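As a plain string of letters, each chain reads:
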Amino acid sequence: MRIIIVLSRSRGVPVLTRRLFPKSPSFIIHRTFNDSNGGLIMPGQLRGYDHLREPRLNKGLAFTLEERQSLGIHGLLPAQIRTLDEQLELCRLAFSRYKEDLHKYVYMVELHDRNEKLFFRLLTEDIERMMPIVYTPTVGLACQKFGFIFRRSVGLFVTINDRGHVYEVLKNWPEMDVRAIVVTDGERILGLGDLGAQGMGIPVGKLALYTALAGVKPHQCLPVVIDVGTNNEEFLQDPLYIGLKQKRVRGEEYDALIDEFMAAVVKRYGQNTLIQFEDFGNKNAFKFLDRYRNSYCTFNDDIQGTAAIVVAGLMASQKIVGRSMSEHKFLFLGAGEAAIGIADLLVRAMESDGIPEDQAQEKIWMFDKQGLLAKEREEGELEGHKIRYAKDKCPTKDFLEVVKKVQPSVLIGASAAAGAFNKDVLRTMADCNERPIIFALSNPTAMAECTAQEAYDFTDGRCLFASGSPFPPVEFNGKTFVTGQGNNAYVFPGVALGVIASGIHHISDDIFLKAAEVVANKVSEEDLSKGLLYPPLSSIKQCSIEIAVGVLEYAYQKGIASRYPEPEDKLALIKSHQYSFCYERSLPATWRWPQNHCKPQGTVKDPCLNDS
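A quick note: this is a predicted structure, and the numbers were derived from the prediction, not measured.

Novice: Could you clarify how one ought to interpret the UniProt feature "active site" (unreviewed entry) in the protein in this entry?
Specialist: UniProt tags Tyr135 and Lys206 as "active site" (unreviewed entry). For the annotated residues, spread through 72 residues, the largest C-alpha to C-alpha distance comes to 7.1 Å, consistent with a single compact locus. As for its position among the elements, Tyr135 is in the loop between α6 (127-134) and α7 (138-144). We classify Tyr135 as buried; its relative accessible area is 7%. Setting aside residues no more than four positions away along its own chain, Tyr135 makes contact with Lys206, Leu209, Asp301, Asn487, Asn488, Ala489 and Phe492.

This is the structure in structure tokens:
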């Protein structure tokens with residue numbers, strides 16, 4: 001009896017099968033190119049059928065006749081041969097026929113699962129239509145319904161039960177060349193709360209934008225969920241929930257798991273592997289940023305990425321209001337990780353203008369669930385970073401009263417308190433300022449502190465408005481305002497590309513200040529006249545490249561780059577790290593040898609062949 005063991009991989013997952021044949025024993029192993037080759041296609045390991053089953057290789061009906069015949073897949077596809085542009089048109093048509101955003105999200109997931117190049121080409125060329133689907137706001141709904149729409153596992157799930165074996169779990173990921181990881185524990189997904197393991201949609205969506213907007217190669221990206229349970233009672237009772245059905249683990253055991261994960265990443269992929277923290281609870285977000293920022297190549301997008309995009313919008317607004325950053329007075333609704341991160345970077349920006357840190361902090365006021373951040377208040381702890389912005393004022397829980405007394409020029413919402421910027425608050429802002437600046441940043445759209453229409457209506461059309469999720473254009477007194485979305489996607493993909501290209505080991509806040517300057521400089525006078533404080537989404541790819549180049553220049557200027565020698569053409573280096581969005585030839589390269597090497601050196605007769 002002969003036993004043939006065929007070992008293959010389907011999207012990196014080992015598959016073992018046995019076949020019985022009535023002959024002598026033998027052992028056969030088949031491997032596909034995806035077997036830890038860092039995305040490098042190795043023709044000697046490929047079968048023709050792999051080109052149809054592997055999303056990185058599959059071109060659908062774009063395989064040429066020569067490729068179909070040479071690969072042995074002729075007849076396995078219909079006769080029609082299409083170009084990539086024709087495929088894109090059909091994808092746009094199919095996408096537009098779905099009426100619900102969740103269905104569009106599922107369509108995009110399924111497209112990615114069958115044809116990676118086509119997915120990213122569609123996403124990057126139609127970014128204004130596609131980004132609200134694969135990212136905010138639809139990704140929030142997708143996370144809530146993740147158990148229902150779950151079809152195939154994506155990313156890596158590390159649970160609290162894996163303590164002591166995290167490195168072994170990480171080794172199961174088939175890629176050797178991971179450069180960027182986005183990790184969440186699902187405790188605070190957007191403004192939706194604790195979604196546990198179903199928060200995987202966030203790392204997946206973020207990394208899709210790494211590729212679509214900055215060209216980070218997909219095989220270099222790893223989405224991770226740290227599953228320590230959930231306190232979401234609905235999920236604990238839901239048979240479709242995909243994670244651990246237990247209350248969330250906290251304390252030393254939780255901290256030890258994160259420590260082990262960070263060490264395992266370095267052991268597996270190296271010290272300069274970028275680790276982006278996403279949607280952790282407020283206390284954990286700041287704790288881990290403070291703990292790891294000088295030991296690992298890491299940043300927290302909710303703290304630093306959000307801060308950069310808000311500061312970019314404020315820098316752009318200076319062209320209209322004619323004020324420097326230090327001449328503003330800022331009032332925040334919300335004092336969580338996003339708000340504190342914005343405030344800290346604002347202080348850094350004012351310091352770069354020559355304002356001492358304590359004076360910069362005095363210009364920032366904060367109001368949370370327990371009221372004004374006041375040193376004497378009895379409710380609500382002022383732990384950690386909050387204490388920097390606590391004032392020697394009488395505590396109050398009346399937000400409108402604070403707006404009237406402080407008279408801020410900038411109002412920033414990061415509270416997930418829908419409608420908190422009501423008519424009275426907005427009217428007061430308009431009374432205090434010729435051009436009030438209103439940032440309603442909470443995601444998703446339903447959690448925004450006010451709508452764009454409300455902001456313009458109640459400030460007599462004089463406000464400068466930006467939001468975290470997209471709003472449609474606003475009509476006021478016969479004029480149309482295009483509302484700007486303060487989207488972190490302007491920042492984090494470019495930062496990531498620059499960090500990967502330079503080999504930076506630690507990411508400082510100055511890098512995010514540099515990114516904010518790049519985004520602000522991309523805002524034209526025409527954009528500002530329309531009401532935009534950010535460049536159009538259509539320019540976001542170029543924005544990402546310029547941020548990456550800026551990060552590279554900063555890294556070599558400060559001596560923190562680890563790739564030597566320093567390149568003379570930094571743009572060329574950045575482009576060399578980028579993904580190609582075009583189909584590549586599926587057949588191995590061929591070439592001719594010099595004629596004298598090809599001449600027969602005599603003939604050897606095969607005894608198994610007769611003379612005829």
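Novice: Looking at this structure, how should I read the nonpolar core?
Specialist: Across soluble globular proteins, nonpolar side chains have a tendency to be buried as a group. Tyr210, Phe261, Phe332, Leu346, Ile364, Met366 and Phe439 are the most contacted members of the largest nonpolar core, which has 161 residues in total. Excluding its chain neighbours within four sequence positions, the residues that come into contact with Met366 are Leu331, Phe332, Gly334, Ala335, Ala339, Ile340, Ala343, Gly371, Leu372, Leu373 and Tyr389. Counting residues in hydrophobic clusters, the runner-up holds 28 residues, among them Phe399, Val425, Ala440 and Phe481.

Novice: How do you make sense of the sheet that holds strand β10 (residues 371-372) when you look at a structure like this?
Specialist: Within a sheet, each strand pairs with its neighbour through backbone hydrogen bonds, oriented either parallel or antiparallel. Read across the open sheet, the 7 strands follow the order β10-β9-β8-β11-β12-β13-β16; overall the sheet is mixed. The two strands at the open ends of the sheet, each matched to only one other strand, are β10 and β16 (484-485). Its contacts with the sheet put helix α15 (residues 337-352) on β8 (330-333), β9 (364-368) and β11 (410-413), and the angle it makes with β9 is roughly 175 degrees. The strands touched by helix α17 (residues 399-406) within the sheet are β8, β9, β10 and β11, with β8 carrying the most contacts at an inclination of about 170 degrees.

Novice: I would appreciate a short explanation of the sheet that holds strand β3 (residues 156-159) in the present structure.
Specialist: The strand order across the open sheet built from 5 strands is β3-β5-β4-β6-β7, with neighbouring strands paired in parallel fashion. Only two strands of the sheet have a single neighbouring strand rather than two, namely β3 and β7 (298-300). Here the average twist between neighbouring strands, direction ignored, is 25 degrees. Across 3 bridges, strand β6 (residues 274-277) lies against β7 in parallel orientation. Counterpart to Ile275 in the pairing with β7 is Thr298.

Novice: Where do I start with the packing of aromatic side chains in this structure?
Specialist: Each aromatic ring pair is summarised here by two numbers: the centre-to-centre distance and the angle between the ring planes. Under the counting rule described, the total for this entry stands at 22 aromatic pairs. Relative to Phe280, the ring of Phe277 has its centre 5.0 Å away and its plane inclined at 50 degrees; by these criteria the two rings are tilted. Here Phe399 and Phe421 contribute two aromatic rings whose centre-to-centre distance is 6.3 Å and whose plane-to-plane angle is 10 degrees, an arrangement assigned as stacked. Linking Phe399 in helix α17 with Phe421 in the loop between β11 and α18 (423-432), this pair joins segments that are 22 residues apart in sequence. The pair Phe399 / Phe421 is uniform in exposure class, with both members buried. The ring of Tyr579 has Lys117 sitting right over it, with the charged end atom 4.4 Å from the ring centre. Over the face of the ring belonging to Phe581 we find Lys541, whose NZ or CZ atom lies 5.4 Å from the ring centre.

Rules and cut-offs
Sequence order as written defines the numbering, with residues in each chain counted from 1. The predicted origin of the model limits local features to residues at a pLDDT of at least 70 and limits the giving and counting of side-chain atom pairs to 80 or more, whereas totals for whole chains, interfaces and linings rest on all residues. As a convention, hydrogens and water are excluded, and side-chain values are obtained from all of the structure's heavy atoms. UniProt positions are given in the numbering used here, feature names are shortened, and annotations may be inferred rather than shown by experiment. Each helix is a run of H or I in the DSSP string that is no shorter than four residues. Each strand is a run of E no shorter than two, and both are numbered from the N terminus. Note on classification: 1.4 Å probe, protein chains only; a residue is buried when its accessible area is under 20% of the maximum for its type, exposed when over 50%, partly exposed between these limits. Contact definition: two residues touch when any of their heavy atoms are within 4.5 Å. For our purposes a nonpolar core is just a set of buried Ala, Val, Leu, Ile, Met, Phe, Trp, Tyr and Cys residues, chained together by side-chain atoms within 4.5 Å. Strand pairing requires that DSSP identify at least two bridges connecting the strands. Here, axes are lines fitted to C-alpha atoms. For helices the fit covers the stretch in contact, and angles between N-to-C directions go from 0 to 180 degrees. Here a pair means two rings of Phe, Tyr or Trp (six-membered ring of Trp) with centres within 6.5 Å. Their orientation is stacked below 30 degrees between planes, edge-to-face above 60, and tilted elsewhere. For a lysine, the NZ atom is tested; for an arginine, the CZ atom; a charge sits over a ring if that atom is within 6 Å of the ring centre and within 35 degrees of the ring normal.

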